[in-house]
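# Structure at a glance
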Amino acid sequence: MRNTRIEEIKAKKEFTNSVVCNKCGKIDKGFYEEEQDSNLTFQDTHRVTVDFEGEDSKYRTNVWRFDLCDKCLTDFVKTFKFAPEWFGGSLGVSSQMKFKEWKEHNGEVG
Ligand SMILES: [Zn+2]
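Because the structure is a prediction, the values reported are computed rather than measured.

### Let's talk about the overall build of the chain
Scanning the chain from terminus to terminus reveals two helices and four strands. Starting at the N terminus, the α and β elements of the chain follow one another as β-β-β-β-α-α. A compact globule built from 110 residues would reach a C-alpha radius of gyration of about 13 Å, whereas the chain, at 21 Å, exceeds it by more than 25%. Looking at the chain as a whole, 7% of its 110 residues qualify as buried. In the chain, of all internal contacts separated by at least 6 residues, the share reaching a separation of at least 24 is 34%.

Structure (structure tokens):
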């Protein structure tokens, strides 16, 4: 058997006020999805994490984290020769074909 008590605990929590694109410097000020939210939502920037796990990697034990705005991310992905995993094909359309169409439509999802 345990005897318990209830205490109110105050804790510090980190909140992001804005996100800056590492490439171009554009600032995403975010927005609150709900009126009572404490966390801002950032739809125009994306966190990219690159984890160098391989022992032979020259960046071994490093993790790179950076933020890119929509435009910089799209421009970067457009330089790819092969489709990233997101462009998974369906109904007989290969991911490479969907990726090619996406690039031709200037990064718009069709
Ligand atoms: Zn940018």
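### Observations regarding the environment of V63
Considering the arrangement of structural elements, one finds V63 in strand β4 (residues 63–69). With 10 C-beta atoms counted inside 10 Å, the residue V63 sits in the exposed group. Each C-alpha atom of the pair V63 and T4 lies 43 Å from the other, and the pair is 59 residues apart in sequence.

Parameters at a glance
- Residues numbered from 1 in each chain as written.
- Predicted model: local features only at pLDDT ≥ 70, side-chain atom pairs only at ≥ 80, totals over all residues.
- Helix = DSSP H or I, 4+ residues; strand = E, 2+ residues; numbered from the N terminus.
- Rg over C-alpha atoms; globule rule 2.2 N^0.38 Å.
- Buried ≥ 20, exposed ≤ 12 C-beta atoms within 10 Å, placed from the backbone.
- Contact = placed C-beta atoms within 7 Å.

Structural measurements only, silent on function.
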